[in-house]
Amino acid sequence: MAAKTSLYIHVPFCERKCFYCSFYSVSGREDYIDSWLEALELEAARYHCENKIPLKTLYVGGGTPSVLNISQWQKLINIITKNFNLDNLQEATTEANPNSLTPELVSFLESNFFTRLSLGVQSLNDSELKTLGRLHDSKLAIKAMELVRDSNLTLSCDLIFAIPGQTLRTWAASIKKVIESAEHVSTYQLTLEPETLLARDYDNQALNEAGYKFYRYAQYYLPRKNFIQYEISNFALEHKECLHNIAYWTHDEVIALGPSAVSYINHERIKNPSSLDEYIYLAKNNFPDELLTRERLTPHERAIELAILKLRTKWGIKRVDLLPEVEQVISRLPEDLFIFTPERVALSKRGMRLGNSIWSEIIDL
Ligand code: SF4
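Quick caveat, the model's predicted, so the values are computed rather than measured.

## Considerations on the overall build of the protein
Phase 1 of the analysis: Within the protein one finds 13 helices and 18 strands.
Phase 2 of the analysis: Relative to the 2.2 N^0.38 estimate, which gives 21 Å for 365 residues, the radius of gyration of the protein is 20 Å and therefore close to what a compact globule would have.
Phase 3 of the analysis: When burial is assessed residue by residue, the protein has 52% of its 365 residues classed as buried.
Phase 4 of the analysis: Taking the intrachain contacts of the protein between residues at least 6 apart in sequence as the baseline, contacts between residues at least 24 apart amount to 71%.

The structure is reproduced here in C-alpha coordinates:
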(Lines give C-alpha, C1' and ligand atoms only; values in the text may rest on other atoms or scores of the structure.)
Protein backbone atom coordinates (compact mmCIF):
# COMPACT_ATOMS: atom_id res chain seq x y z
CA MET A 1 0.00 0.00 0.00
CA ALA A 2 1.38 3.41 -0.94
CA ALA A 3 2.15 5.62 2.04
CA LYS A 4 -0.14 8.66 2.17
CA THR A 5 0.15 9.84 5.75
CA SER A 6 2.57 12.42 7.10
CA LEU A 7 3.74 12.63 10.69
CA TYR A 8 4.58 15.88 12.47
CA ILE A 9 6.17 15.97 15.92
CA HIS A 10 6.30 19.19 17.91
CA VAL A 11 9.34 19.64 20.16
CA PRO A 12 8.19 22.44 22.48
CA PHE A 13 11.56 23.46 23.94
CA CYS A 14 13.72 26.50 23.15
CA GLU A 15 16.78 27.81 24.94
CA ARG A 16 15.25 31.29 24.99
CA LYS A 17 12.16 32.87 23.46
CA CYS A 18 12.99 34.95 20.37
CA PHE A 19 11.51 38.44 20.44
CA TYR A 20 9.15 37.86 17.50
CA CYS A 21 8.09 34.28 18.12
CA SER A 22 4.50 33.19 18.58
CA PHE A 23 5.02 29.44 18.07
CA TYR A 24 4.27 27.38 21.12
CA SER A 25 7.50 26.68 23.01
CA VAL A 26 8.86 26.96 26.53
CA SER A 27 12.34 27.95 27.63
CA GLY A 28 14.29 26.97 30.72
CA ARG A 29 12.32 23.73 31.11
CA GLU A 30 14.73 21.23 29.57
CA ASP A 31 14.25 19.04 32.67
CA TYR A 32 10.79 18.27 31.26
CA ILE A 33 12.11 16.74 28.02
CA ASP A 34 11.86 13.20 29.38
CA SER A 35 8.28 13.74 30.59
CA TRP A 36 7.40 15.15 27.17
CA LEU A 37 8.94 12.06 25.53
CA GLU A 38 6.88 9.79 27.79
CA ALA A 39 3.71 11.69 26.86
CA LEU A 40 4.67 11.53 23.19
CA GLU A 41 5.11 7.79 23.43
CA LEU A 42 1.59 7.45 24.84
CA GLU A 43 0.18 9.66 22.10
CA ALA A 44 2.01 7.80 19.31
CA ALA A 45 0.75 4.48 20.70
CA ARG A 46 -2.82 5.67 20.03
CA TYR A 47 -2.04 5.35 16.31
CA HIS A 48 -0.37 1.97 16.65
CA CYS A 49 -2.23 -0.78 14.85
CA GLU A 50 -1.38 -4.29 13.68
CA ASN A 51 -0.36 -3.05 10.25
CA LYS A 52 1.46 0.06 11.35
CA ILE A 53 0.43 3.20 9.46
CA PRO A 54 2.91 3.69 6.59
CA LEU A 55 4.42 7.17 6.56
CA LYS A 56 5.15 9.20 3.48
CA THR A 57 6.90 12.08 5.23
CA LEU A 58 8.10 12.90 8.72
CA TYR A 59 8.78 16.37 10.10
CA VAL A 60 10.20 17.13 13.53
CA GLY A 61 9.58 20.81 14.23
CA GLY A 62 9.30 23.17 17.11
CA GLY A 63 10.42 24.83 19.18
CA THR A 64 13.98 23.69 18.73
CA PRO A 65 14.48 19.97 18.09
CA SER A 66 18.27 20.44 18.27
CA VAL A 67 18.05 21.07 22.04
CA LEU A 68 17.46 17.32 22.50
CA ASN A 69 20.62 15.40 23.29
CA ILE A 70 21.53 12.25 21.36
CA SER A 71 19.99 9.89 23.89
CA GLN A 72 16.73 11.89 23.81
CA TRP A 73 16.86 11.80 20.02
CA GLN A 74 17.31 8.05 20.19
CA LYS A 75 14.18 7.77 22.36
CA LEU A 76 12.28 9.90 19.84
CA ILE A 77 13.39 7.67 16.95
CA ASN A 78 12.36 4.57 18.93
CA ILE A 79 8.88 6.04 19.46
CA ILE A 80 8.53 6.68 15.73
CA THR A 81 9.82 3.30 14.54
CA LYS A 82 7.86 1.37 17.15
CA ASN A 83 4.53 2.89 16.13
CA PHE A 84 4.79 3.71 12.43
CA ASN A 85 5.92 1.94 9.28
CA LEU A 86 8.81 3.74 7.58
CA ASP A 87 9.34 1.30 4.69
CA ASN A 88 8.05 3.81 2.14
CA LEU A 89 9.19 6.99 3.84
CA GLN A 90 10.05 9.52 1.16
CA GLU A 91 11.40 12.33 3.32
CA ALA A 92 12.32 13.00 6.95
CA THR A 93 13.13 16.53 8.09
CA THR A 94 14.09 18.10 11.34
CA GLU A 95 14.35 21.73 12.27
CA ALA A 96 17.46 22.91 14.10
CA ASN A 97 19.00 26.14 15.32
CA PRO A 98 22.57 27.15 14.52
CA ASN A 99 23.61 27.47 18.18
CA SER A 100 22.54 23.97 19.18
CA LEU A 101 23.35 21.98 16.03
CA THR A 102 26.36 19.73 16.62
CA PRO A 103 28.39 17.45 14.29
CA GLU A 104 27.19 14.51 16.46
CA LEU A 105 23.56 15.36 15.83
CA VAL A 106 24.12 15.72 12.07
CA SER A 107 25.80 12.26 11.91
CA PHE A 108 23.05 10.79 14.07
CA LEU A 109 20.34 12.15 11.77
CA GLU A 110 22.14 10.94 8.66
CA SER A 111 22.40 7.43 10.03
CA ASN A 112 18.73 7.43 11.10
CA PHE A 113 16.72 7.89 7.89
CA PHE A 114 16.68 11.74 8.01
CA THR A 115 17.04 13.36 4.62
CA ARG A 116 16.64 17.09 5.32
CA LEU A 117 17.49 19.69 7.88
CA SER A 118 15.73 23.02 8.14
CA LEU A 119 17.98 25.57 9.80
CA GLY A 120 16.64 28.70 11.50
CA VAL A 121 19.20 31.11 10.05
CA GLN A 122 16.76 34.09 9.72
CA SER A 123 19.52 36.56 8.75
CA LEU A 124 23.27 36.70 8.34
CA ASN A 125 23.50 40.22 9.70
CA ASP A 126 24.47 40.37 13.37
CA SER A 127 22.52 43.48 14.21
CA GLU A 128 19.34 42.03 12.61
CA LEU A 129 19.84 38.79 14.56
CA LYS A 130 20.10 40.83 17.75
CA THR A 131 16.90 42.72 16.92
CA LEU A 132 15.12 39.38 16.47
CA GLY A 133 16.51 38.12 19.78
CA ARG A 134 18.24 35.13 18.21
CA LEU A 135 20.93 33.34 20.17
CA HIS A 136 23.30 32.86 17.23
CA ASP A 137 25.41 35.28 15.23
CA SER A 138 26.22 35.09 11.54
CA LYS A 139 29.47 33.21 12.14
CA LEU A 140 27.69 30.43 13.99
CA ALA A 141 24.98 30.27 11.32
CA ILE A 142 27.56 29.90 8.55
CA LYS A 143 29.36 27.18 10.49
CA ALA A 144 26.08 25.29 10.94
CA MET A 145 25.17 25.70 7.26
CA GLU A 146 28.55 24.34 6.22
CA LEU A 147 28.20 21.42 8.59
CA VAL A 148 24.93 20.37 6.95
CA ARG A 149 26.16 21.16 3.43
CA ASP A 150 29.02 18.69 3.96
CA SER A 151 26.62 15.95 5.09
CA ASN A 152 24.11 13.89 3.11
CA LEU A 153 21.22 15.98 4.35
CA THR A 154 19.46 18.50 2.13
CA LEU A 155 19.80 21.90 3.76
CA SER A 156 16.86 24.27 3.92
CA CYS A 157 17.30 27.70 5.50
CA ASP A 158 14.66 30.05 6.88
CA LEU A 159 15.18 33.77 6.27
CA ILE A 160 13.13 36.69 7.60
CA PHE A 161 12.57 39.98 5.80
CA ALA A 162 11.26 43.38 6.91
CA ILE A 163 13.36 43.21 10.09
CA PRO A 164 13.62 46.74 11.55
CA GLY A 165 16.90 48.23 10.31
CA GLN A 166 17.24 45.73 7.44
CA THR A 167 18.24 47.12 4.05
CA LEU A 168 18.05 45.62 0.58
CA ARG A 169 21.83 45.33 0.72
CA THR A 170 21.84 43.24 3.93
CA TRP A 171 18.91 41.14 2.68
CA ALA A 172 20.70 40.46 -0.61
CA ALA A 173 23.89 39.55 1.26
CA SER A 174 22.03 37.08 3.50
CA ILE A 175 20.35 35.36 0.54
CA LYS A 176 23.57 35.22 -1.46
CA LYS A 177 25.50 33.59 1.38
CA VAL A 178 22.74 31.16 2.32
CA ILE A 179 22.47 29.67 -1.16
CA GLU A 180 26.16 28.82 -1.14
CA SER A 181 25.07 25.93 1.12
CA ALA A 182 21.29 25.58 0.98
CA GLU A 183 19.19 23.83 -1.65
CA HIS A 184 15.92 25.13 -0.29
CA VAL A 185 15.10 28.56 1.12
CA SER A 186 11.97 29.67 2.99
CA THR A 187 11.46 33.42 3.20
CA TYR A 188 9.07 34.89 5.75
CA GLN A 189 7.85 38.41 6.27
CA LEU A 190 8.31 39.47 9.90
CA THR A 191 4.81 39.49 11.35
CA LEU A 192 4.24 40.25 15.01
CA GLU A 193 1.52 38.67 17.12
CA PRO A 194 0.44 40.96 19.99
CA GLU A 195 2.01 38.77 22.68
CA THR A 196 5.53 39.03 21.23
CA LEU A 197 8.17 41.38 22.66
CA LEU A 198 8.81 43.17 19.36
CA ALA A 199 5.09 43.98 18.98
CA ARG A 200 5.54 46.66 21.66
CA ASP A 201 7.80 48.66 19.35
CA TYR A 202 6.68 47.88 15.80
CA ASP A 203 3.39 47.44 14.02
CA ASN A 204 2.54 44.97 11.31
CA GLN A 205 1.26 47.49 8.80
CA ALA A 206 4.60 49.29 8.64
CA LEU A 207 6.45 45.96 8.41
CA ASN A 208 4.11 44.84 5.65
CA GLU A 209 4.73 47.94 3.61
CA ALA A 210 8.48 47.60 4.12
CA GLY A 211 8.37 43.91 3.21
CA TYR A 212 7.24 44.26 -0.39
CA LYS A 213 10.64 45.23 -1.81
CA PHE A 214 12.50 42.48 0.03
CA TYR A 215 10.09 39.84 -1.22
CA ARG A 216 10.31 41.22 -4.72
CA TYR A 217 14.08 41.01 -4.58
CA ALA A 218 13.93 37.33 -3.49
CA GLN A 219 11.57 36.63 -6.39
CA TYR A 220 13.99 38.31 -8.77
CA TYR A 221 17.27 36.91 -7.46
CA LEU A 222 16.57 33.33 -6.41
CA PRO A 223 15.19 32.09 -9.77
CA ARG A 224 18.36 33.48 -11.42
CA LYS A 225 20.24 31.03 -9.20
CA ASN A 226 17.92 28.15 -10.19
CA PHE A 227 15.78 28.35 -7.06
CA ILE A 228 12.22 27.95 -8.30
CA GLN A 229 9.48 29.62 -6.29
CA TYR A 230 7.14 26.68 -5.76
CA GLU A 231 5.04 28.34 -3.08
CA ILE A 232 4.48 31.84 -1.74
CA SER A 233 7.26 31.49 0.86
CA ASN A 234 9.37 28.69 -0.58
CA PHE A 235 12.13 28.44 -3.17
CA ALA A 236 13.99 25.25 -4.10
CA LEU A 237 16.43 23.79 -6.56
CA GLU A 238 14.90 21.17 -8.86
CA HIS A 239 13.53 18.13 -6.92
CA LYS A 240 14.39 19.75 -3.57
CA GLU A 241 10.87 20.88 -2.69
CA CYS A 242 9.68 19.90 0.79
CA LEU A 243 7.22 17.02 0.37
CA HIS A 244 5.94 17.43 3.91
CA ASN A 245 4.81 20.99 3.20
CA ILE A 246 3.21 19.85 -0.04
CA ALA A 247 1.18 17.33 2.01
CA TYR A 248 -0.40 20.25 3.91
CA TRP A 249 -1.17 22.16 0.75
CA THR A 250 -2.96 19.19 -0.79
CA HIS A 251 -4.95 18.27 2.37
CA ASP A 252 -3.21 14.93 2.81
CA GLU A 253 -3.62 13.20 6.11
CA VAL A 254 -1.27 14.48 8.82
CA ILE A 255 -0.88 12.93 12.25
CA ALA A 256 0.59 15.55 14.57
CA LEU A 257 1.97 14.75 18.01
CA GLY A 258 3.01 17.03 20.85
CA PRO A 259 1.69 20.19 22.51
CA SER A 260 -0.08 22.58 20.10
CA ALA A 261 0.19 20.05 17.25
CA VAL A 262 -2.74 19.93 14.82
CA SER A 263 -3.65 16.70 13.05
CA TYR A 264 -5.75 16.49 9.91
CA ILE A 265 -7.50 13.14 9.80
CA ASN A 266 -10.66 12.22 7.88
CA HIS A 267 -11.31 15.89 7.10
CA GLU A 268 -11.16 16.80 10.75
CA ARG A 269 -8.64 19.05 12.52
CA ILE A 270 -7.72 17.85 15.98
CA LYS A 271 -5.65 20.26 18.04
CA ASN A 272 -3.66 19.39 21.13
CA PRO A 273 -3.51 22.01 23.90
CA SER A 274 -0.75 24.62 23.61
CA SER A 275 0.61 23.87 27.05
CA LEU A 276 3.31 21.39 27.95
CA ASP A 277 1.80 20.70 31.38
CA GLU A 278 -1.67 20.14 29.97
CA TYR A 279 -0.26 17.90 27.27
CA ILE A 280 1.54 15.73 29.82
CA TYR A 281 -1.64 15.62 31.92
CA LEU A 282 -3.71 14.60 28.89
CA ALA A 283 -1.29 11.84 28.00
CA LYS A 284 -1.45 10.42 31.53
CA ASN A 285 -5.25 10.43 31.27
CA ASN A 286 -5.47 8.77 27.87
CA PHE A 287 -6.28 11.97 25.92
CA PRO A 288 -9.91 12.51 26.99
CA ASP A 289 -11.78 13.66 23.93
CA GLU A 290 -13.44 16.65 25.60
CA LEU A 291 -10.04 18.26 26.16
CA LEU A 292 -9.01 18.14 22.50
CA THR A 293 -10.21 20.78 20.06
CA ARG A 294 -11.91 19.25 17.07
CA GLU A 295 -13.04 21.05 13.95
CA ARG A 296 -14.76 19.19 11.14
CA LEU A 297 -14.68 21.09 7.87
CA THR A 298 -17.79 21.05 5.70
CA PRO A 299 -17.23 20.03 2.05
CA HIS A 300 -17.60 23.70 1.08
CA GLU A 301 -15.07 24.88 3.70
CA ARG A 302 -12.67 22.18 2.56
CA ALA A 303 -13.02 23.19 -1.05
CA ILE A 304 -12.44 26.89 -0.30
CA GLU A 305 -9.45 26.14 1.92
CA LEU A 306 -7.98 23.79 -0.65
CA ALA A 307 -8.41 26.41 -3.38
CA ILE A 308 -6.44 28.92 -1.30
CA LEU A 309 -3.74 26.40 -0.42
CA LYS A 310 -3.34 25.32 -4.03
CA LEU A 311 -3.24 28.90 -5.24
CA ARG A 312 -0.26 29.43 -2.93
CA THR A 313 1.73 26.97 -5.03
CA LYS A 314 3.25 27.28 -8.48
CA TRP A 315 1.00 24.41 -9.64
CA GLY A 316 -2.14 26.40 -8.87
CA ILE A 317 -5.59 24.88 -9.36
CA LYS A 318 -6.64 22.56 -12.16
CA ARG A 319 -9.42 24.24 -14.11
CA VAL A 320 -11.60 21.13 -13.72
CA ASP A 321 -11.34 21.55 -9.92
CA LEU A 322 -12.09 25.27 -9.93
CA LEU A 323 -15.23 26.13 -7.92
CA PRO A 324 -17.51 28.51 -9.86
CA GLU A 325 -17.46 31.04 -6.99
CA VAL A 326 -13.63 31.02 -6.88
CA GLU A 327 -13.56 31.41 -10.66
CA GLN A 328 -15.81 34.43 -10.31
CA VAL A 329 -13.47 36.08 -7.80
CA ILE A 330 -10.51 35.42 -10.09
CA SER A 331 -12.34 36.94 -13.05
CA ARG A 332 -12.98 40.16 -11.05
CA LEU A 333 -9.31 40.60 -10.12
CA PRO A 334 -6.60 42.11 -12.39
CA GLU A 335 -5.48 39.58 -14.98
CA ASP A 336 -1.80 40.09 -14.31
CA LEU A 337 -2.16 38.51 -10.86
CA PHE A 338 -2.63 35.12 -12.55
CA ILE A 339 -1.14 32.79 -15.09
CA PHE A 340 -3.83 31.06 -17.13
CA THR A 341 -3.06 27.89 -19.08
CA PRO A 342 -5.65 25.62 -20.73
CA GLU A 343 -5.35 23.21 -17.74
CA ARG A 344 -4.60 25.43 -14.75
CA VAL A 345 -4.82 28.79 -13.02
CA ALA A 346 -1.89 29.83 -10.87
CA LEU A 347 -0.65 33.06 -9.32
CA SER A 348 1.85 35.17 -11.23
CA LYS A 349 4.87 36.61 -9.37
CA ARG A 350 2.86 39.75 -8.73
CA GLY A 351 -0.08 37.66 -7.59
CA MET A 352 2.18 35.94 -5.06
CA ARG A 353 3.26 39.34 -3.75
CA LEU A 354 -0.37 40.33 -3.27
CA GLY A 355 -1.52 36.91 -2.07
CA ASN A 356 -3.08 38.16 1.17
CA SER A 357 -5.56 40.41 -0.57
CA ILE A 358 -6.49 37.57 -2.93
CA TRP A 359 -7.14 35.14 -0.04
CA SER A 360 -9.33 37.68 1.73
CA GLU A 361 -11.59 37.79 -1.35
CA ILE A 362 -11.85 34.00 -1.48
CA ILE A 363 -12.06 33.21 2.22
CA ASP A 364 -15.40 35.00 2.66
CA LEU A 365 -17.14 32.94 -0.02
S1 SF4 B 1 13.96 29.29 18.20
FE2 SF4 B 1 12.17 29.27 16.85
S3 SF4 B 1 10.49 28.39 18.06
FE4 SF4 B 1 12.15 28.94 19.49
S5 SF4 B 1 11.62 30.95 20.22
FE6 SF4 B 1 12.98 31.25 18.47
S7 SF4 B 1 11.61 31.42 16.67
FE8 SF4 B 1 10.41 30.57 18.38
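## As for the sheet that holds strand β17 (residues 338-340)
Phase 1 of the analysis: Judged by pairing direction, the sheet is antiparallel, and its 3 strands sit side by side in the order β16-β18-β17 without closing on themselves. Because the sheet does not close on itself, it has two edges, and the strands there are β16 (317-318) and β17.
Phase 2 of the analysis: Bridge analysis of β17 against strand β18 (residues 344-347) gives 3 bridges, and the strand direction is antiparallel. The residue of β18 that forms the bridge with Ile-339 is Ala-346.

## Examining the pairing of strand β12 (residues 254-257)
Phase 1 of the analysis: Side chains Val-254 and Ala-256 of β12 all project onto a buried face; the interleaved residues Ile-255 and Leu-257 project onto the opposite face, where all are buried too.
Phase 2 of the analysis: Direction of pairing for strand β1 (residues 5-11) relative to β12: parallel, over a ladder of 4 bridges. Directly across from Ile-9, in β12, lies its bridge partner Leu-257.

## Quick look at the packing of helix α6 (residues 168-178) against helix α7 (residues 204-224)
Phase 1 of the analysis: Between α6 and α7, the least distance of the axes is 10 Å, while the angle of their chain directions is 40 degrees. Relative to α7, α6 is oriented so that their crossing is right-handed. Taken together, the residues of α7 that come into contact with α6 (itself represented by Leu-168, Trp-171, Ala-172, Ile-175 and Lys-176) are Lys-213, Phe-214, Tyr-217, Ala-218, Tyr-221 and Leu-222.
Phase 2 of the analysis: In terms of residue class, the contact of α6 with α7 is made up of 9 nonpolar, no polar and 2 charged.

## So, the packing of helix α1 (residues 33-45) against helix α9 (residues 276-284)
Phase 1 of the analysis: Running from N to C, α1 and α9 point in directions that differ by 45 degrees, and their axes come no closer than 9 Å. With respect to their mutual orientation, α1 and α9 come out oblique. In the packing of α1 onto α9, the handedness of the crossing is left-handed. Packed against α1, whose contacting residues are Ser-35, Trp-36, Ala-39, Leu-40, Leu-42 and Glu-43, the element α9 presents Leu-276, Tyr-279, Ile-280, Ala-283 and Lys-284 at the interface.

## Describing the site of the ligand
Phase 1 of the analysis: Contacts to the ligand come from Cys-14, Arg-16, Lys-17, Cys-18, Tyr-20, Cys-21, Gly-63, Thr-64, Asn-97 and Arg-134.
Phase 2 of the analysis: For the shell around the ligand, the class distribution of residues is 4 nonpolar, 3 polar and 3 charged.

## Brief notes about α1
Since the α-helix turns once every 3.6 residues, residues separated by three or four places project in the same direction.
Phase 1 of the analysis: In this model α1 runs 18 Å from its N-terminal to its C-terminal C-alpha over 13 residues, within 8% of the 18 Å that 1.5 Å per residue would give.
Phase 2 of the analysis: The complete set of buried residues in α1 reads Ile-33, Trp-36, Leu-37, Ala-39, Leu-40, Glu-43 and Ala-44. Burial along α1 is one-sided: seen end-on, the buried residues are contained in an arc of 165 degrees.
Phase 3 of the analysis: Those residues of α1 hidden inside the fold are in contact with β1, β2 (13-14), α2 (70-83), β5 (84-85), β12 and α9.

## Quick look at the nonpolar core
Phase 1 of the analysis: In terms of nonpolar packing, the biggest core is built from 92 residues, with Trp-36, Leu-76, Leu-119 and Val-178 touching the most fellow members.
Phase 2 of the analysis: Take this core: its biggest share by element is 6 residues, from α1.
Phase 3 of the analysis: In terms of nonpolar packing, the next biggest core, distinct from the first, is built from 10 residues, Cys-21, Ile-160, Leu-198 and Leu-207 among them.

## Some words on the packing of aromatic side chains
For any pair of aromatic rings, the description consists of the separation of the ring centres together with the inter-plane angle of the planes.
Phase 1 of the analysis: For the structure shown, the criterion picks out 13 aromatic pairs.
Phase 2 of the analysis: Of the aromatic side chains, those joined through ring pairs into one cluster are Phe-161, Trp-171, Phe-214 and Tyr-215.
Phase 3 of the analysis: The lysine or arginine in question, Arg-29, covers the ring of Tyr-32, its NZ or CZ lying 4.1 Å from the ring centre.

## Points about the environment of Pro-299
Phase 1 of the analysis: Summarising the element assignment, Pro-299 is placed in helix α10 (residues 299-311).
Phase 2 of the analysis: Judged by relative accessible area, Pro-299 falls into the exposed class, the value being 59%.
Phase 3 of the analysis: As a C-alpha pair, Pro-299 and His-267 span 32 residues in sequence and 8.8 Å in three-dimensional space.

## Comments concerning the environment of Asp-336
Phase 1 of the analysis: When you line up the elements, Asp-336 lands in the loop between α11 (324-332) and β17.
Phase 2 of the analysis: Separated by 15 residues in the primary sequence, Asp-336 and Gly-351 have C-alpha atoms spaced 7.3 Å apart.
Phase 3 of the analysis: Contact partners of Asp-336, with chain neighbours within four places excluded, come to Ser-348 and Arg-350.

## Considerations on α10
Phase 1 of the analysis: Given a rise of 1.5 Å per residue, 13 residues ought to cover 18 Å, and the 18 Å separating the end C-alpha atoms of α10 matches this to within 8%.
Phase 2 of the analysis: Of the residues making up α10, those classed as buried are Ile-304, Ala-307, Ile-308, Leu-309 and Leu-311.
Phase 3 of the analysis: Looking at the packing, one finds that the buried side of α10 touches α8 (243-249), β16, α11, β18 and α13 (355-363).

## A short note on the domain arrangement of the protein
Phase 1 of the analysis: What the domain assignment lists for the protein is domain 1 (5-248) and domain 2 (299-363).
Phase 2 of the analysis: Computed over C-alpha atoms, the centres of domain 1 and domain 2 are 28 Å apart.
Phase 3 of the analysis: The interface is formed by 14 residues belonging to domain 1 together with 12 residues belonging to domain 2.
Phase 4 of the analysis: Together, the buried faces of domain 1 and domain 2 total about 1,100 Å²; carbon and sulfur atoms form 57% of this surface.
Phase 5 of the analysis: Summed over the shared surface of domain 1 and domain 2, the number is 1 salt bridge.
Phase 6 of the analysis: Glu-231 is the salt-bridge partner of Arg-312, the closest N and O atoms lying 2.6 Å from each other.
Phase 7 of the analysis: Linking domain 1 with domain 2 are 6 residue pairs in polar contact (both at pLDDT 80 or more).
Phase 8 of the analysis: Residue assignment for the side of domain 1 that touches domain 2 shows that the elements contributing at least two residues are α7, β10 (228-231) and α8.

How each quantity is defined
Residues numbered from 1 in each chain as written. Predicted model: local features only at pLDDT ≥ 70, side-chain atom pairs only at ≥ 80, totals over all residues. Heavy atoms only, no water. Helix = DSSP H or I, 4+ residues; strand = E, 2+ residues; numbered from the N terminus. Rg over C-alpha atoms; globule rule 2.2 N^0.38 Å. Buried < 20%, exposed > 50% of the residue type's maximum accessible area, 1.4 Å probe, protein only. Contact = heavy atoms within 4.5 Å. Pairing = 2+ DSSP bridges. Axes fitted to C-alpha atoms, helices over the stretch in contact; angles between N-to-C directions. Left-handed = near helix turned anticlockwise from the far one by under 90°. Nonpolar A, V, L, I, M, F, W, Y, C, P; charged D, E, K, R; others polar. Parallel < 35°, antiparallel > 145°, perpendicular 65-115°, else oblique. Near = heavy atom within 4 Å. Expected span 1.5 Å × (residues − 1). Arc of directions from axis to C-beta. Core = buried A, V, L, I, M, F, W, Y, C linked by side-chain atoms within 4.5 Å. Phe/Tyr/Trp six-rings, centres within 6.5 Å; stacked < 30°, edge-to-face > 60°. Lys NZ or Arg CZ within 6 Å of the ring centre and 35° of its normal. Domains from an automatic or database assignment. Buried area = accessible area lost by both parts, 1.4 Å probe. Salt bridge = Lys/Arg side-chain N within 4 Å of Asp/Glu carboxyl O. Polar contact = N/O pair within 3.5 Å; in protein donor to acceptor, adjacent residues only side chain to side chain.

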